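Observations on chain architecture
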Amino acid sequence: MARLTLEDLEGLGEEAGDGGDEEEERERLFAHWEAVASTHRVTLPRDMAGPIVQMTRHGQAREPVPYVTLPRREECEEAAYEERRYPAGKWACVTKGEPLYEQSISMSFMKLMRYICKENSVGCHLGMTVPVLNEIHLTKEGTELEREVVTAYYIPGEFQQNPPVPMDPEIHITERAPLRVITRVFYGMTTEETILREIGLFWELLGSTDTVLRETYIVAAYENPSVPQRRNEIWFICRAE
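Everything quoted here is computed from the prediction, not taken from an experiment. (Residues numbered from 1 in each chain as written. Predicted model: local features only at pLDDT ≥ 70, side-chain atom pairs only at ≥ 80, totals over all residues. Heavy atoms only, no water.)

Two elements in contact, helix 3 (residues 49–57) and helix 4 (residues 101–117), have axes separated by 9 Å at closest approach and are oriented at 65 degrees. The orientation of helix 3 with respect to helix 4, classified from their angle, is roughly perpendicular. Crossing of helix 3 over helix 4 shows left-handed handedness. The residues of helix 4 that touch helix 3, namely those facing Pro51, Ile52, Gln54 and Met55, are Phe109, Met113, Arg114, Ile116 and Cys117. Per-class residue counts for the contact of helix 3 with helix 4 are seven nonpolar, one polar and one charged. (Axes fitted to C-alpha atoms, helices over the stretch in contact; angles between N-to-C directions. Helix = DSSP H or I, 4+ residues; strand = E, 2+ residues; numbered from the N terminus. Parallel < 35°, antiparallel > 145°, perpendicular 65-115°, else oblique. Left-handed = near helix turned anticlockwise from the far one by under 90°. Contact = heavy atoms within 4.5 Å. Nonpolar A, V, L, I, M, F, W, Y, C, P; charged D, E, K, R; others polar.)

Following the criterion strictly, the structure yields 11 salt bridges and no others. A salt bridge links Arg180 to Glu83, with the nearest nitrogen and oxygen atoms 2.4 Å apart. With Arg180 in strand 9 (residues 179–187) and Glu83 in strand 3 (residues 82–86), this residue pair connects regions lying 97 residues apart in the sequence. A residue is classified by how much of its surface remains accessible, and Glu83, at 11% relative accessible area, is buried. Ionic pairing is found between Glu198 and Arg184, a salt bridge with its closest N-O pair at 3.2 Å. (Salt bridge = Lys/Arg side-chain N within 4 Å of Asp/Glu carboxyl O. Buried < 20%, exposed > 50% of the residue type's maximum accessible area, 1.4 Å probe, protein only.)

Turning next to the nonpolar core. Of all hydrophobic cores here, the largest spans 24 residues; its most connected members are Met55, Ala92, Phe109, Leu112, Tyr115, Met128 and Tyr153. Elements with a minimum of two residues in this core: helix 2 (22–39), helix 3, strand 4 (89–96) and helix 4. Counting residues in each nonpolar core, the second largest holds 21 residues, with Leu138, Trp203, Val212 and Val219 among its members. (Core = buried A, V, L, I, M, F, W, Y, C linked by side-chain atoms within 4.5 Å.)

For the rest of this paragraph, the subject is the confidence of the model for the chain. Confidence in the prediction for the chain averages 84 pLDDT; 82% of positions are at 70 or higher. Helix 1 (residues 7–15) is the least confidently modelled element of the chain, averaging 45 in pLDDT, while strand 4 averages 98, the highest of any element. (pLDDT = per-residue confidence, 0-100.)

This paragraph deals with the sheet that holds strand 8 (residues 172–176). One open sheet holds the nine strands; their spatial order is 2-3-9-11-10-6-7-4-8, and the pairing between them is antiparallel. With partners counted over all chains shown, the strands left at the sheet margins are strand 2 (68–69) and strand 8, one partner each. (Pairing = 2+ DSSP bridges.)

A contiguous patch of negative charge on the surface is contributed by Asp21, Glu22, Glu23 and Glu24. Inspection of the secondary structure assignment puts Glu24 in helix 2. For Glu24, a relative accessible area of 58% gives the class exposed. (Patch = residues over 30% accessible without salt bridge, like charges linked within 9 Å, V, L, I, M, F, W, Y side chains within 5 Å. Areas by Shrake-Rupley, 256 points an atom, 1.4 Å probe, with all protein chains shown as cover. Lys, Arg positive; Asp, Glu negative; His and termini not counted. Charge placed at Lys NZ, Arg CZ, Asp CG, Glu CD.)

Summarising burial for helix 3: seven of the nine residues are buried, a large majority. What helix 3 keeps buried is the set Ala49, Gly50, Pro51, Ile52, Val53, Met55 and Thr56.

All right, on to the environment of Glu233 then. As for its placement among the helices and strands, Glu233 is situated in strand 11 (residues 231–238). Along the sequence, Glu233 and Ala221 sit 12 residues apart, while their C-alpha atoms lie 6.8 Å from each other. Each residue touching Glu233, except ones within four places of it in the same chain, is listed here: Arg84, Thr183, Arg184, Val185, Phe186, Ile218, Val219, Ala220 and Tyr222. Within the structure, the side chain of Glu233 is placed 2.8 Å from the side chain of Trp235, a separation counted as a polar contact. (Polar contact = N/O pair within 3.5 Å; in protein donor to acceptor, adjacent residues only side chain to side chain.)

This part takes up the packing of aromatic side chains. Scanning the entire structure with this criterion turns up eight aromatic pairs. Residues Tyr81 and Phe202 carry aromatic rings whose centres are separated by 5.6 Å and whose planes lie at 50 degrees to one another, so their mutual orientation is tilted. Of this pair, Tyr81 sits in the loop between strand 2 and strand 3 while Phe202 sits in helix 5 (residues 192–206), and the two are 121 residues apart along the sequence. The exposure classification of Tyr81 matches that of Phe202, with both residues buried. Judged by centre distance (6.4 Å) and plane angle (80 degrees), the rings of Tyr115 and Tyr153 are edge-to-face. Of this pair, Tyr115 sits in helix 4 while Tyr153 is found in strand 7 (residues 149–154), placing the two residues 38 residues apart along the sequence. Given the relative accessible area of 0%, Tyr153 is considered buried. Here a set of aromatic residues connected by ring pairs shows up, and it is made of Tyr81, Phe202, Trp203, Tyr217 and Phe236. It is Arg231 that lies over the ring of Tyr222; its NZ or CZ is 3.9 Å from the centre. (Phe/Tyr/Trp six-rings, centres within 6.5 Å; stacked < 30°, edge-to-face > 60°. Lys NZ or Arg CZ within 6 Å of the ring centre and 35° of its normal.)

What follows is the structure, given as structure tokens:
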């Protein structure tokens, strides 16, 4: 059930009739996501039915995380990648270290969904922001991912100054410093195998450089797991100047 964040919820919401039975809709949505979850070796708890329905109904509204695109360097191939600067901001973060990358991000985002939907100190739906970030680390050999993954949801602008407090103690509100990254889009599934491949391809494109970190990367998720060629990005993190 990797990343229940995005348009699959929206699409299912469009299928529901305006006067349809709410309980039937809830069961249909839950059954769909229970099947998706099983393909990623994750069990979908019954208490996720409410958040799934809420995310479906609010599926159209997605606030982009703010950033500035920096001027393209001469050696950059056109549209191959771009450099961005993200301002400081508050994020809701969950850390998981499950056996599979997909399990970690799925379990983390289920927690974040509950926070977004109602389990917060203001008791209301906060709104979805994109992308959802998954911070990963490579082993010393650089051939595998460390198990620990930090999944981060950007607090919407309306709540940035005073973020609602999570009810779940595993969710931490973190003030992240400004971040400069070099980003490259890729499409398809995000598994350990595909992420390592994309990191390798990006290094081939960039060539030898000491301006970015080599152990820590970010996978940015924009679309849902039911889209065969969904959009993702690999972020290389620039060293502090």
